Amino acid sequence: MSPNPNPRAPLPIKVLAGLGVVLIVLPLAGLIQRAAWSSLFEDLSSQAALDALQLSLLTSLAATALALILGLPLAWVLARSKLRGRSIIRALVLVPMVLPPVVGGVALLSAFSLRSPLGGWLHDVFGLQLTFAPAGVILAETFVAMPFFVLTVEAAIRQSDPRVEQIAATLGASPAAVMRRVTLPTVAPAIGAGAVLAWARALGEFGATVTFAGNVAGRTRTLPLAVYLALESDPNAAIALSLVLLVVSFAVLVSQRERWWNNQ
Amino acid sequence: MCHLADASYPLTMSRSSKVLAALTLVVALGAAGCSDDSSTTATNDSTTTAASTPSDTCTTEGDITVSAAASLTESFTAIADDIEEECDGADITLTFDSSGKLSEQILSGAPVDVFASADEKNMDKVEDDQASTPEIFAKNNLVIVTKPGNPEGIKTLADLADAGIVALCAEDAPCGNFAGQALESANVSINESNVTRGENAKATLAAVAEGDAVAGIVYVTDALAAAESTDSVEIPESNNVIASYPIARINGPGSSELAQLFVDRVLGPEGQKHLKDAGFLAP
Amino acid sequence: MSLNLSIKKSLSERFCLEVELSTPPARTLAVLGPNGAGKSTLLNALAGILAIDEGCIELDGRVLDEPRSGTWLTPDQRNIGFVAQDLLLFSHMSALDNVAFGLRCRGMSKTQAATRSTEWLNRFGLEGLENRKPRQLSGGQAQRVAVARALATDPDLLLLDEPLAALDVSVRHQMRRELRGWINEYSKPTVVVTHDPLDALILADDIAVIESGRLTQIGTVTQVSAQPRTPYVAELFGTNLIGGTANGNEVAAGRATIVSAESNEGPVFVSISPNALSLHASQPTTSARNCWSARVSEVSMAGQSVEVKVQTQEGLDLRIGITPAALAELDLQPNTNVWVTAKASQVQVYAA
């Protein structure tokens, strides 16, 4: 027998691993198999589908931008500051990752609905209503997506050596210059990865959105909501829209493959 | 080994996925716990029934799944509780959603033994799966629900046209279909961009009770169940739509005996009392 | 240009750095000390990475840090060059951009900074490597880039933290020589933190020894290496250090008496080089004024020579350097009885 550098997996492990793959791939294959390919283009170019696509793109990109603007400083504080209770803050910030999105929606309602003090104030003073408005969708999507960004970027900042920044300072770089020319470029790949993850999560957001922002055509009916609604009335359209989401998800993972399986 | 910069990511991911995994486990255990509970009690009970207690009146046993329109949540839960209490070996699983969703599920082979729809259209859709002739067991009216105290002063269907965001059921759910008919008969059209669509009657009601929808159209029964968090405004009979609720057994994997018992109970005086309590009209 | 400092900085309840020193202009000071003695704390305080608790740091008449007067210059205001032990090059920048970084921070145009940085790289023998990323450089090349980066801004003070520790032994000697050259060209004060006495001997003019947060010895390289004042320094430079009391030509050290050529009075240190001591298998007939009966405690190889540790009957612990040939001839084992001799003229005595 020649020595095999890769230890051979025992049969039960192979079988279970295979079943694990089947569990994930089978439903996806079903989706593709059920798709009405001939009418796919028509299904996707219906006004309802286009509205949902456009709204989803707009809100998910806005949510990603918001997650970036707020999440980057947050990640930095979590990674670098000596703030007391930092781990509590981190846990709180990551809660939306594991919270059922519907619960997130209810939480958002209690904070920003017209009947809540803050939501009422926003409405009375600025005439701003988040519920049933695209802004509400953006808020809900940011709520669920930002933790992915913060987690990714915080890990990268934590990895980078603070002494490199100190060296930059001794070379004459102001704190702002250190941030711009050293810290950010060092974690740039993680910022990209975090943004892509957050965007994908925002694009797929359903529970928090429908609960908080409602399901209004053209205003808060994003792709996943449209899929859910169309499931009875127009299954073909629902599946066509699902395929769009599937393709996007897959593309995101492929784009990030070096981060996931990096030891090949 | 890989270099550090890359190693960081899977490291943290694995930590978070551990959390996720732990959470999933908890959920799974919870779920398993539930079903284990019922199944063990069911088996335990059946052995005890067989061995010692020749119980009182009810000897029907087995498991069934009942799919019912969301508006039936309160009344059907009460009926199922009654039966499970009387019949030691009976285990009834209830699923509530819009009748449209439920009929779709039955058509795609969901294991359902009894189907109670909020309209006849969705009952007709599952004709091939029916194991008994559908019978109308209740009727329901539509009503306008508003915030407590009706701050917008909504009095008629026409007032909904420019009231703000109105919650309606999805067009394929019976309550959405009926609401559409009612609005049409009153010659009222609401711009779709002012309509939030709930996936069923309960979700539609929640948009008013919990969310910021100004008003909604739901069943009288739903409004009654949420009387604490909403006010209701009657829709005149001329514009109202009477929803007829049919029930039928479905060719499912559960006990047909228990399924028949459930249907009989819904149609019988005890079931009718629960339905009346919930605000339904007699068939 | 000169550096004056008098600092107090406590890092924990148990550790406090308390040091006062000044470097004359354009001289290189090596800071030696065991791990955890406070060497890095001192460097960080100079660089402005740490603020001192009390005292003052003054560079060429400019106060960098003085808590009493509330003076505190941030690192970017100090104009100091810092080369870290692990170099800490900017991994996302080319070698050229690393060197140009400080110049760009000082507002130099991109092209001008690039021209100047190329000159620096060329001076350091790094032609053609301008566009390499740090991970594509060898250890020695990266070291040169790090030093060039620190010197390119013409700092008023150059700080080197264990500058050769990260290098392979094979390139370390070469790099040490090059570093000496660069430091000589750079005509401002330099502080080198190291735990390698060879670095201190070759790179520095002066040596400051820090032990447990305190300055235990300071002087020129010759002074410190020839006349150690603590066991740590004696060990570092491989000499025998004995404390005692002088009375004329004789020094009483415990039960032992050591005879020197010069005459002294009062508390003194006695330093005897290991090579100035001779070993004999039997009692020698010799003109050496010092002759002790001793027992071998340890025999070890140190480079090309053999180091023998003995303890005399009077209780003196001595290390003696002999050749491998002598070792074979004497057939030394632990516990072998030997005789140790030293000429009075080889015994250095200096006031404690």
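Residues numbered from 1 in each chain as written. Chains lettered and ligands numbered in written order. Predicted model: local features only at pLDDT ≥ 70, side-chain atom pairs only at ≥ 80, totals over all residues.

1. Here's the deal with the overall build of chain B
Then comes step 1: Looking only at helices and strands, chain B has 9 helices and 10 strands in total.
Then comes step 2: When the 283 residues of chain B are sorted by exposure, 43% land in the buried category. (Helix = DSSP H or I, 4+ residues; strand = E, 2+ residues; numbered from the N terminus. Buried ≥ 20, exposed ≤ 12 C-beta atoms within 10 Å, placed from the backbone.)

2. Some points on the pairing of strand β6 (residues 166-169) of chain B
Residues and elements named next belong to chain B.
Then comes step 1: Residue alternation in β6 divides its side chains into two sets, V166 and L168 and A167 and C169, and both sets are buried.
Then comes step 2: Sheet topology places β6 next to strand β8 (residues 215-219); 2 bridges connect them, and they run parallel. Following the sheet pairing, A167 is matched in β8 by G216. (Pairing = 2+ DSSP bridges.)

3. Focus: the sheet that holds strand β15 (residues 290-302) of chain C
Residues and elements named next belong to chain C.
Then comes step 1: The 5 strands lie next to each other as β14-β18-β15-β16-β17, forming an open sheet whose pairing is antiparallel. With one partner strand each, in any of the chains shown, β14 (277-280) and β17 (317-322) form the two edges of the open sheet. Sheet twist, expressed as the average angle between the axes of neighbouring strands with direction ignored, equals 45°. (Axes fitted to C-alpha atoms, helices over the stretch in contact; angles between N-to-C directions.)

4. A word on the sheet that holds strand β3 (residues 114-116) of chain B
Residue and element names in this part refer to chain B.
Then comes step 1: What the 5 strands build is an open sheet, ordered β2-β1-β3-β10-β4; its pairing is mixed. Edge positions in the sheet fall to β2 (90-97) and β4 (135-140), since each of these pairs with one other strand and no more. Pairwise comparison of adjacent strand axes, ignoring direction, gives a mean angle of 20° for this sheet.
Then comes step 2: Pairing analysis gives 8 bridges linking strand β1 (residues 62-69) to β2, with the strands arranged parallel. Residue D63 lies in a different strand from β2, and its bridge partner there is D91.

5. Describing the nonpolar core
Then comes step 1: Grouped together as the largest cluster of nonpolar side chains are 138 residues, with contacts concentrated most on F149, V153 and A198 of chain A together with V114, F115 and F262 of chain B.
Then comes step 2: Broken down by element, this core gets its largest block of residues, 16 residues, from helix α7 (residues 134-159) of chain A.
Then comes step 3: F262 of chain B has contacts with I64, V66, I83, I92 and V114 of chain B, leaving out every residue within four places of it along the chain.
Then comes step 4: Among the nonpolar cores identified, the runner-up in size contains 79 residues, and L43, I49, Y232 and V233 of chain C belong to it. (Core = buried A, V, L, I, M, F, W, Y, C linked by C-beta atoms within 7 Å. Contact = placed C-beta atoms within 7 Å.)

6. Quick word on helix α5 (residues 174-185) of chain B
Then comes step 1: Taking 1.5 Å per residue as the helical rise, α5 of chain B with its 12 residues ought to reach 16 Å, and the 16 Å between its terminal C-alpha atoms agrees with that figure.
Then comes step 2: Directly after α5 of chain B, the chain includes N187 of chain B, whose backbone phi takes a positive value near 60°. (Expected span 1.5 Å × (residues − 1).)

7. Some details on the packing of helix α5 (residues 139-152) of chain C against helix α6 (residues 169-185) of chain C
All names here are of chain C.
Then comes step 1: The interhelical angle for the contact between α5 and α6, taken along N-to-C directions, is 15°, at an axis separation of 11 Å. Of the possible angle classes, the one that applies to α5 and α6 is roughly parallel. Considering the relative orientation of α5 and α6, their crossing is right-handed. Two secondary-structure elements touch here, α5 through G139, G140, Q143, V147 and L151 and α6 through V171, M175 and W182.
Then comes step 2: Class assignment for the residues of the contact of α5 with α6 results in 5 nonpolar, 3 polar and no charged. (Parallel < 35°, antiparallel > 145°, perpendicular 65-115°, else oblique. Left-handed = near helix turned anticlockwise from the far one by under 90°. Nonpolar A, V, L, I, M, F, W, Y, C, P; charged D, E, K, R; others polar.)

8. Considering the interface of chain C and chain A
Then comes step 1: Tallying the contact residues gives 17 residues for chain C and 16 residues for chain A.
Then comes step 2: Looking at which element gives the most residues to the side of chain C that touches chain A, the answer is helix α3 (residues 95-105) of chain C, with 3 residues.
Then comes step 3: Considering only residue class, the side of chain C that touches chain A consists of 10 nonpolar, 5 polar and 2 charged.

9. Considering α5 of chain C
All names here are of chain C.
Then comes step 1: The terminal C-alpha atoms of α5, which comprises 14 residues, lie 20 Å apart, in line with the 20 Å expected from a rise of 1.5 Å per residue.
Then comes step 2: The buried fraction of α5 is high, at 11 of 14 residues.
Then comes step 3: Structurally, α5 contributes buried residues whose contacts are with β7 (80-83), α3, α4 (110-123), β8 (157-161) and α6.
Then comes step 4: Of the residues flanking the end of α5, it is D154, one or two places downstream, whose phi is positive at about 50°.

10. Examining the confidence of the model for chain B
Residue and element names in this part refer to chain B.
Then comes step 1: Averaged over chain B, the pLDDT score is 80; the fraction of residues at 70 or greater is 80%.
Then comes step 2: Element-level mean pLDDT values for chain B span from 37 in helix α1 (residues 4-51) up to 96 in β3.
Then comes step 3: The low-confidence segment residues 1-55, where pLDDT is below 50, has 30 contacts with residues more than four positions distant or belonging to other chains.
Then comes step 4: Here the predicted complex carries an ipTM of 0.82, next to a pTM of 0.71. (pLDDT = per-residue confidence, 0-100.)

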